[in-house]
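# Chain and residue survey
Each chain, written out:
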Amino acid sequence: MSEMNHIPVVDLSKSKTHRMEEAMNVVNGLENVGLLYVDNIKDFDFDKLMTCCRWVFNQSDDVKNNILKKLWNNSNKNVYRGYFPVIESQASRKEGFDFGKDIDWSTASVSPENWFYEESVWPKEDGKFPFKQFLQDLYGTMHETAMEILRLAAVGLGIEEHSFTDMFSYQPCSTFRLLHYPPWIDGPPDNARTEDGRLMTTPDHTDSGFLTLLATFSFQGLEYVTPNGNWMPVKPRPNSLVINIGDLFSHMVGGRFKATRHRVIDIGIDRFSVPFFLEPNYDREVGFNLIERSAGEDVSSCEKYGPWVNAQMARKGFYEFVSLPKF
């Protein structure tokens, strides 16, 4: 059996009736591969999500300009949420649209200058397609799917079921992102090539946050590093999400789960994907081992998520997050 077929499949329709079996699938994937397929997610409409991608990225430059991040349109106020364009000099060849869950500022415990909680901006709609409402509803589905995966991970580890989920119970910073990768036409930078000369639209990296849920639709192009150190394709699986963990989750279980290195190869046609980046509250303490805490060990920490992830973002240098203001 080839390495690419070793990504475990978690069937959420069996997560109650065959809970331990599915829990062990989660732990197996996160410990040994760093990836999971997740099938049978309730109320998930992949076709409508694909329509959202095509709808927003086919909008006119004027519509996109109205939701463009301030870095590219100084008249706009949004610095973290909204639209970012393809930058021809960048090895990461993509345009994207980011949004989050808006918080109630009358009860918020964070600074209004904290752009992690910036109000989402939305393209103007013509009433023919419910872009905003569909995505806001799907945000909730993505969040709950992530919570179930974390509950299963805890069950599979033999610890209390909610050991991981309470980090996300209050004002998480999670980001939902729609992505379009146009193929290279000419002039890619040198760092857009793989070791064997193929073109990439996203170079090798790990995600910074806790858990990533990714819709790849039926597109090829996503590759990951196997435990043996080889690059392998993630085979498209219809109507499924791909899950990988980020640096934070690996950090908070002492490296027991693997933050998966991955990249995207140019497939010669327009490619779309949709990641949901699960992130805790900005002020949540993250400098301890969650498994040790579940065993009753003293794991007090003063390291908070916001400063931790800011340092990660600065180190990795993702172009869509450069020049973010201090607060």
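Residues numbered from 1 in each chain as written. Predicted model: local features only at pLDDT ≥ 70, side-chain atom pairs only at ≥ 80, totals over all residues. Heavy atoms only, no water.

In the nomenclature of an unreviewed UniProt entry, the chain corresponds to Isopenicillin N synthase from the organism Mizuhopecten yessoensis. Quoted verbatim from the Sequence similarities (unreviewed entry) field of UniProt, the annotation for the chain is "Belongs to the iron/ascorbate-dependent oxidoreductase family." (UniProt positions renumbered as here; feature names shortened; annotations may be inferred.)

### Concerning the side chain of Arg177
Summarising the element assignment, Arg177 is placed in strand E5 (residues 175-181). The buried category is assigned to Arg177, whose relative accessible area is 5%. Within polar-contact distance, the side chain of Arg177 engages the side chain of Glu320 at 2.9 Å. (Helix = DSSP H or I, 4+ residues; strand = E, 2+ residues; numbered from the N terminus. Buried < 20%, exposed > 50% of the residue type's maximum accessible area, 1.4 Å probe, protein only. Polar contact = N/O pair within 3.5 Å; in protein donor to acceptor, adjacent residues only side chain to side chain.)

### Some thoughts on the sheet that holds strand E12 (residues 271-278)
Within the open sheet, the eight strands sit side by side as E1-E2-E10-E7-E12-E5-E4-E3. Their pairing is mixed. A strand with exactly one partner marks an edge of an open sheet, and here the two such strands are strand E1 (9-11) and strand E3 (82-84). Mean inter-strand twist for the sheet, computed between neighbouring axes without regard to direction, equals 25°. In the sheet, E3 pairs with strand E4 (residues 95-99) via three bridges, with the strands oriented antiparallel. Across the sheet, the residue bridging to Gly82 is Asp98, located in E4. (Pairing = 2+ DSSP bridges. Axes fitted to C-alpha atoms, helices over the stretch in contact; angles between N-to-C directions.)

### Overview of helix H4 (residues 131-157)
Across its 27 residues, H4 extends 39 Å between first and last C-alpha, which sits within 8% of the 39 Å expected from 1.5 Å per residue. Directly beyond the C-terminal end of H4, a positive phi value near 80° is found at Gly158. (Expected span 1.5 Å × (residues − 1).)

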